[in-house]
Amino acid sequence: MDSNYLEIKKWCNERKVNLVAISKTHPVESITLLYKEGQRMFGENKVQEIMMKECQLPPDVQWHLVGHLQSNKVKFIAPFISLIHSVDSLKLLQEINKQALKNSRIQNVLLQVFIADENTKFGLSKEECFSLFENKETAKLKNIRIEGLMGMATNSDDEKKVRKEFKGLKKMFDTIAKKYASDNIEIKTLSMGMSSDYKIAVEEGSNMVRLGSVIFGERKAPITSL
Ligand SMILES: *Cc1c(COP(=O)(O)O)cnc(C)c1O
């Protein structure tokens with residue numbers, strides 16, 4: 001484990017920010033070391049990898065999925081996933097609801113909003129996100145709880161640009177929290193900030209950061225490609 005972890009954990013605690021340790025490509029042993037330090041929220045971006053790790057770690061680990069999720073894979077993670085950060089369509093939301101129902105669970109999710117100026121990143125446009133909240137079909141999904149938004153800023157050294165993107169998402173988060181509270185919508189989590197930009201994200205109102213390399217060190221080749 002990188003000694004950075006304890007310092008970062010303290011930094012997050014002081015600001016009441018949830019820390020999700022993004023363990024993709026790192027072995028179960030590295031996760032166990034952090035677990036022993038008290039870390040419980042771990043995030044992965046691939047379904048296959050999260051399943052492989054989930055069965056090897058204690059049941060009180062809270063697993064977060066942060067990567068793009070295909071509808072046909074929801075069933076594999078539905079029994080245990082704690083929070084899905086990457087919902088980007090009504091179709092996916094409906095499938096998650098169906099699988100949550102089968103598992104007698106209420107599934108917490110975030111809607112991923114596209115805020116960067118790169119076309120490589122998944123997510124809903126702001127307009128699409130608002131229409132999802134307005135859609136009557138969304139209200140019917142009784143086994144879903146939409147608890148907030150997730151966004152990734154442009155991967156750039158331009159701090160002003162990154163800050164502006166985070167500021168925009170926070171504004172949207174506040175609007176949505178006021179406007180759309182209902183039985184299955186309870187907006188409280190704003191997931192933004194990665195290793196390179198989490199301090200800016202928290203200054204702009206993030207209350208959940210997703211940190212990989214700053215905690216675990218550089219990533220190796222993806223495990224699932226072996
Ligand atoms: C990999 C990943 C992270 C963590 O990235 P780092 O730069 O290593 O902190 C955060 N969020 C998502 C969606 C990721 O895929």
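Computed from a predicted structure; not experimentally measured.

Caption draft 1: Spatial organisation of the overall build of the chain. For the chain, the helix and strand inventory stands at 10 helices and 8 strands. Computed over its C-alpha atoms, the radius of gyration of the chain comes to 17 Å, within 12% of the 17 Å expected for a compact globule of 226 residues. For the C-alpha atoms alone, the extent of the chain along its principal axes is close to 45 × 45 × 30 Å. Residue burial in the chain is summarised as follows: out of 226 residues, 49% are buried. Of the roughly 11200 Å² that the chain leaves accessible, carbon and sulfur atoms contribute 50%. Distance between charge centres in the chain, computed from 35 positive and 29 negative side chains, equals 4 Å.

Caption draft 2: Highlighting the packing of aromatic side chains. For the structure shown, the criterion picks out 4 aromatic pairs. Ring geometry for Trp 11 versus Tyr 198: centroids 5.3 Å apart, planes at 85 degrees, classification edge-to-face. With Trp 11 in helix α1 (residues 4-14) and Tyr 198 in helix α9 (residues 198-203), this pair connects stretches of sequence that are 187 residues apart. Each member of the pair, Trp 11 as well as Tyr 198, carries the same accessibility label: buried. For the ring pair Phe 42 and Trp 63, a centre distance of 6.2 Å and an interplane angle of 45 degrees mean the geometry is tilted.

Caption draft 3: Inspection of the site of the ligand at higher detail. Within the structure, the ligand sits among Ile 22, Lys 24, Val 66, Met 152, Met 194, Ser 195, Arg 210, Leu 211, Gly 212, Ser 213 and Arg 219. Take Gly 212: an N or O atom from its main chain is 2.8 Å from an oxygen atom of the ligand. Expressed as a share of its isolated accessible area of 390 Å², the protein-covered part of the ligand is 91%. Its residues assigned to classes, the shell around the ligand shows 5 nonpolar, 3 polar and 3 charged.

Caption draft 4: Highlighting the nonpolar core. Phe 133 and Leu 149 are the most contacted members of the largest nonpolar core, which totals 60 residues. Examining the composition of this core, we find that 6 residues originate from one element, helix α8 (residues 159-179), more than from any other. When sequence neighbours within four positions are dropped, the list of residues in contact with Leu 149 reads Leu 110, Leu 111, Val 113, Cys 129, Phe 133, Leu 169, Met 172, Phe 173, Ile 176, Thr 189, Leu 190 and Ser 191. Ile 22, Val 66, Met 150 and Met 208 belong to the second largest nonpolar core, which has 8 residues in total.

Caption draft 5: Examining the pattern of salt bridges more closely. Applying the stated rule across the entire model yields 15 salt bridges. For the salt bridge of Lys 140 with Glu 137, the shortest nitrogen-to-oxygen distance reads 2.9 Å. With a shortest N-O distance of 2.8 Å, Arg 163 and Glu 159 are connected by a salt bridge. Here Arg 163 and its partner Glu 159 are both found in helix α8, 4 residues apart, which amounts to about one turn of the helix. Here the residues in one salt-bridge network are Glu 159, Arg 163, Lys 167, Glu 203 and Glu 204, joined through shared partners.

Caption draft 6: Fine view of unusual backbone geometry. At Thr 25, a position not held by glycine, the phi torsion is positive, near 75 degrees. Its location among the elements puts Thr 25 in the loop between β1 (18-22) and α2 (28-36). The backbone phi angle of Ser 104 is positive, close to 50 degrees, even though this residue is not glycine. Topologically, Ser 104 is positioned in the loop between α5 (90-102) and β5 (107-114).

Caption draft 7: Inspection of α1 at higher detail. Of all the residues in α1, the buried ones are Tyr 5, Ile 8, Trp 11 and Cys 12. Taken end-on, α1 shows its buried residues confined to a sector of 130 degrees, consistent with a single buried face. Exposed and facing more than 90 degrees away from the buried side of α1 are Glu 7, Lys 10 and Glu 14. Tucked into the core, α1 has its buried residues touching β1, α2, α9, β8 (208-211) and α10 (213-216). Looking one or two places after α1, you find Lys 16, whose phi comes out positive at around 55 degrees.

Caption draft 8: A look at helix α3 (residues 47-54). Every buried residue belonging to α3 is among Val 47, Glu 49, Ile 50 and Lys 53, and all of these are buried. Relative to the axis of α3, the buried residues are bounded by an arc of 165 degrees and lie together on one face. Of the surrounding secondary structure, the elements contacted by the buried residues of α3 are α2, β2 (41-44), β3 (62-65) and α4 (74-77).

The rules behind each value
Residues numbered from 1 in each chain as written. Predicted model: local features only at pLDDT ≥ 70, side-chain atom pairs only at ≥ 80, totals over all residues. Heavy atoms only, no water. Helix = DSSP H or I, 4+ residues; strand = E, 2+ residues; numbered from the N terminus. Rg over C-alpha atoms; globule rule 2.2 N^0.38 Å. Buried < 20%, exposed > 50% of the residue type's maximum accessible area, 1.4 Å probe, protein only. Areas by Shrake-Rupley, 256 points an atom, 1.4 Å probe, with all protein chains shown as cover. Lys, Arg positive; Asp, Glu negative; His and termini not counted. Charge placed at Lys NZ, Arg CZ, Asp CG, Glu CD. Phe/Tyr/Trp six-rings, centres within 6.5 Å; stacked < 30°, edge-to-face > 60°. Near = heavy atom within 4 Å. Polar contact = N/O pair within 3.5 Å; in protein donor to acceptor, adjacent residues only side chain to side chain. Nonpolar A, V, L, I, M, F, W, Y, C, P; charged D, E, K, R; others polar. Core = buried A, V, L, I, M, F, W, Y, C linked by side-chain atoms within 4.5 Å. Contact = heavy atoms within 4.5 Å. Salt bridge = Lys/Arg side-chain N within 4 Å of Asp/Glu carboxyl O. Arc of directions from axis to C-beta.

Nothing here speaks to function; it is all geometry.
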